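The chain contents come next:
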Amino acid sequence: MAERKTTFDDIKRALWAGADTFRDNIDASNYKDYVLAMLFVKYLSDTYDEKVKELEKEYSGIRLERQIENLPFVLKEEYTFDYLKENKYSVDIGTKISEALTGIESSNTILNGIFRGIDFNSESNLGKKEQKNPLLIDLIDDFADLDLHPHNIETNDNQVPADVIGDAYEYMIGEFATMAGKKAGSFFTPQEVSEIMARIVAPVENDRIYDPTCGSGSLLIRAAKKGGLDKVSIYGQEINSSSISMARMNMFIHDIGDAHIAWGDTLANPQHLDSDGNLMKFDCIVANMPFSKDKWAQGFNKGGEVSVDDESEESKGKKGKKKEFKMEPSLDKYHRFDIGVPPASKGDWAFLLHMISSMNGNGRVAAVAPHGVLFRGAAEGKIRQAILEKNLIDAVIGLPENLFYGTSIPACIIVFRRGRKNSDVLFIDASKHCEKKKAKNALRPEDIEKIVSTYQKYRNGENAEEEKYSHVASFKEISEENEFNLNIPRYVDTFEDEEIIDLDKVNAEIADLKAQIAAVEAEMAQCMKELGL
């Protein structure tokens, strides 16, 4: 009898079982780390086991040991899932799992730091042993029967085993985002939006692709797939340690061993620099940045002063005066804010200026942003004007509301591009083109295709105008008629005339209803009379 293969649905079921184990005990934004880490340990263990068994067919003794040492990663027995399963009833099982994670990292350079911040022995997250150990036993059992040996993964056409496991991993990140609610916006971008952005920046072979706020890495992976995962270079940075772990596991499961995923504040401490210490330049940049991040510049504050909008008592000096910190262009050695410093309480343009500064001569950016960046005045208005005068804005795409995790407000995709031959800007209002759902609205395949095809028509010099959907605005229209305001309704009129009300018909319906009410009241009165009431 043929061996039963592991399907995508089998992996999903195991992941859901792990989620159910933790659901009533800790928040989804926390327990995702434990469930996804356990899947990753199972994946490493089964993959390593298969590679060793393949080598054992050809080698033995010293030669076998040398071949094993040359594998992409190695696992000691006590770091494997099988060892954890055999010891699941140990009173210190939490310690054993954490030691296995540490051992995996320390013995494999490629996996160094991949479990950053994930502690299976944490009392603050999992409780004392009496509460924690039963959870960990159940979690191990949830994955015990899942066979992730690559040869046993069922694949479709043009798939390899890593695709199936990687897709299941990303699927579950999306499900955790749904369960985590407002806390999820920082680590996951809806796949439909990721698809639009990936197709807009359109990576090709040898491109260098970057996400400065990469979260779980799903958006970065989707963009990279357009150019071929093995044919492009992948770079990302993220400030949240939990998201960094997800991103690095996500890359490794997708068999991307050379992704450059860095930890740190992208604005104050960008990690991807060239040999001269300047910002590295990229062909394609995609990002779903934190919306209107407050105190985004605090990382530039080396003197301990408080920001100018901090009115707390703690912020005042001995004489009652605040020691104020104000962001200045000179504080940024990469000169990203020379054309203007965004307000301290809204970091949207700080991230956008970082992306613009990171584009190479052929660079293109697709970034999700709140609509405020299109029309807010003061410092942001001056920055927007400068960017338009530099001819860097290619398109503005309005999306439906309630698409994103963490916020229900509608957002937009801003497309920047260097080397533009034209000076106009494409505006798309796709705010009404979606499937309305109770939890989250969703873009349908036809909605995605309409956005992308309209943008591609524009890029190809074809007519991209469509009434109540898209408009190509000249620089004169933007600068003189709208004073550099990019608010989409100024350019795309989606107003629908209300149906004219026929007053005669309404009055006739009211009269008919009154007659019906009178007849019913008369009938009720007759019934009451017959009953002697």
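Owing to the predicted nature of the structure, the values given are computational and were not obtained by experimental measurement.

**Structural notes on the sheet that holds strand 7 (residues 359–370)**
1) Next: Overall, mixed pairing links the 9 strands, which are arranged 3-2-1-4-7-9-8-10-11 in an open sheet. The open sheet is flanked by strand 3 (260–263) and strand 11 (470–473), the only strands paired with a single partner. Averaged over all adjacent pairs, the angle separating strand axes in this sheet is 15°, with direction ignored.
2) Next: Pairing between strand 1 (residues 208–211) and strand 4 (residues 282–288): 2 bridges, direction parallel. Within strand 4, the residue paired with Ile 209 across the bridge is Cys 284.
3) Next: With respect to the sheet, helix 12 (residues 348–357) is in contact with strand 1, strand 4, strand 7 and strand 9 (411–417), its orientation differing from that of strand 7 by roughly 160°.

**Considering the environment of Gly 277**
1) Next: Along the chain, the position of Gly 277 falls in the loop between strand 3 and strand 4.
2) Next: Look at Gly 277 and you get partly exposed, because its relative accessible area is 31%.
3) Next: Sequence-wise, Gly 277 and Asn 25 are 252 residues apart; in three dimensions their C-alpha atoms are separated by 46 Å.

**Some thoughts on the environment of Asp 33**
1) Next: Along the chain, Asp 33 turns up in helix 2 (residues 28–56).
2) Next: According to the relative accessible area criterion, Asp 33 is buried, its value standing at 12%.
3) Next: Considering only alpha carbons, one finds Asp 33 and Asp 283, 250 residues apart in sequence, at a separation of 32 Å.
4) Next: In this structure Asp 33 touches Ile 118 and Ser 242, once residues within four positions along its chain are discounted.

**Remarks on the confidence of the model for the protein chain**
One rule of thumb: low pLDDT means the predicted coordinates there are not for detailed reading.
1) Next: On average, residues of the protein chain score 90 in pLDDT, and 93% of them reach the 70 mark or higher.
2) Next: Taken together, the stretch residues 310–319 has pLDDT below 50 and engages in 11 contacts with residues farther than four places along the chain or on a different chain.

**Side note on the packing of aromatic side chains**
1) Next: Inspection of the entire model under this criterion finds 19 aromatic pairs.
2) Next: Taken together, a centroid distance of 5.0 Å and an interplanar angle of 80° make the contact between Tyr 34 and Phe 120 edge-to-face. On the criterion of sequence distance, the pair formed by Tyr 34 in helix 2 and Phe 120 in the loop between helix 5 (93–106) and helix 6 (123–126) is long-range, its members being 86 residues apart.
3) Next: Of the residues examined, Phe 120 reaches a relative accessible area of 1% and is grouped as buried.
4) Next: Pairing Trp 296 with Phe 300 gives two aromatic rings, centres 6.5 Å apart and planes at 80°, and the pair type is edge-to-face. Phe 300 shares its class with Trp 296; the two are buried.
5) Next: Each residue in the set Phe 40, Tyr 43, Tyr 48, Phe 73, Phe 115 and Phe 252 is aromatic and connected to the rest through ring pairs, giving one cluster.
6) Next: Geometry around Tyr 171 places Lys 12 over its ring, the cationic atom sitting 4.6 Å from the centre.
7) Next: The positively charged end of Lys 450 is found above the aromatic ring belonging to Tyr 469, 4.4 Å away from the centroid.

**Examining empty space enclosed by the protein**
1) Next: Summed over all chains, the structure comprises 2 cavities of 30 Å³ or more.
2) Next: Roughly 30 Å³ of internal volume is contained in the second largest cavity.
3) Next: Around the second largest cavity, the lining residues are Tyr 210, Gln 237, Pro 270, Gln 271, His 272, Leu 279, Met 280, Phe 282, His 354 and Ser 358.
4) Next: Looking at the lining of the second largest cavity residue by residue, the class counts come to 5 nonpolar, 5 polar and no charged.

**Some details on the nonpolar core**
1) Next: Of all hydrophobic cores here, the largest spans 62 residues; its most connected members are Phe 40, Phe 120 and Phe 143.
2) Next: With 14 residues, helix 2 is the single largest residue contributor to this core.
3) Next: Among the nonpolar cores identified, the runner-up in size contains 46 residues, and Leu 267, Met 280, Ile 285 and Phe 416 belong to it.

**Structural notes on helix 12**
The α-helix advances 3.6 residues per turn, and as a result positions three or four apart in sequence lie on the same side.
1) Next: Among the 10 residues in helix 12, 10 count as buried, and that is most of the element.
2) Next: The inward-facing, buried residues of helix 12 contact strand 1, strand 4, strand 7, helix 13 (372–375), helix 14 (378–389) and strand 9.

**Comments concerning the pairing of strand 8 (residues 393–398)**
1) Next: Taking burial as the measure, the 6 residues of strand 8 include 6 buried ones, the bulk of the element.
2) Next: Examined bridge by bridge, strand 8 and strand 9 share 5 bridges and lie antiparallel to one another. Pairing of Ile 397 across the sheet is with Ile 413, part of strand 9.
3) Next: Relative to strand 10 (residues 425–429), strand 8 runs parallel, the two being bridged by 4 bridges. Pairing of Gly 398 across the sheet is with Asp 429, part of strand 10.

**Notes on unusual backbone geometry**
Residues apart from glycine generally show negative phi values, whereas peptide bonds are mostly found in trans.
1) Next: Backbone geometry at Asp 255 places phi at a positive 65°, although glycine is not the residue there.
2) Next: Considering the arrangement of structural elements, one finds Asp 255 in the loop between helix 11 (241–253) and strand 3.
3) Next: For Asp 255, a relative accessible area of 62% gives the class exposed.
4) Next: We note that His 335 has phi near 60°; this positive angle belongs to a residue other than glycine.

Reading guide: rules and limits
Per chain, residues are indexed from 1 in the order of the written sequence. Since the coordinates come from a predicted model, pLDDT governs what is reported: local features require at least 70, and pairs of side-chain atoms require 80 or more to be given and counted, while whole-chain, interface and lining totals use all residues. To get the side-chain values, take all heavy atoms of the structure and skip hydrogens and water. DSSP calls a pair of strands paired once it identifies at least 2 bridges connecting them. Helical segments are the DSSP runs of H or I of at least four residues, strand segments are the runs of E of at least two, and each set is numbered from the N terminus. Only C-alpha atoms enter the line fits that serve as axes; for helices the fit covers just the stretch in contact. Angles between N-to-C directions range over 0 to 180 degrees. Contacts were defined at the residue level, with two residues in contact if any of their heavy atoms lie within 4.5 Å. The classification of residues rests on relative accessible area computed with a 1.4 Å probe and restricted to protein chains. Under 20% of the type maximum is buried, over 50% is exposed, and intermediate values are partly exposed. Per-residue confidence from the predictor is reported as pLDDT, which spans 0 to 100. Stacked, edge-to-face and tilted labels apply to pairs of Phe, Tyr and Trp rings (six-membered ring for Trp) whose centres lie within 6.5 Å, assigned for plane angles under 30 degrees, over 60, and everything in between, in that order. Two conditions define a charge located above a ring, namely a distance within 6 Å from the ring centre to NZ of Lys or CZ of Arg, and an angle within 35 degrees of the ring normal. Using a grid of 1 Å spacing that covers the protein atoms alone, one calls a set of points a cavity when a 1.4 Å probe fits there but cannot get out, and a pocket when the set is open and has protein on both sides within 12 Å along at least five of seven lines; lining residues are those with an atom within 4 Å of a point. Grid points are joined across faces, edges and corners, and a volume is the space filled by probe spheres set on the points. Gly counts as polar in this scheme, as do all residues outside two lists: the nonpolar Ala, Val, Leu, Ile, Met, Phe, Trp, Tyr, Cys and Pro, and the charged Asp, Glu, Lys and Arg. Side-chain atoms within 4.5 Å link the members of a nonpolar core, which is a set of buried Ala, Val, Leu, Ile, Met, Phe, Trp, Tyr and Cys residues.

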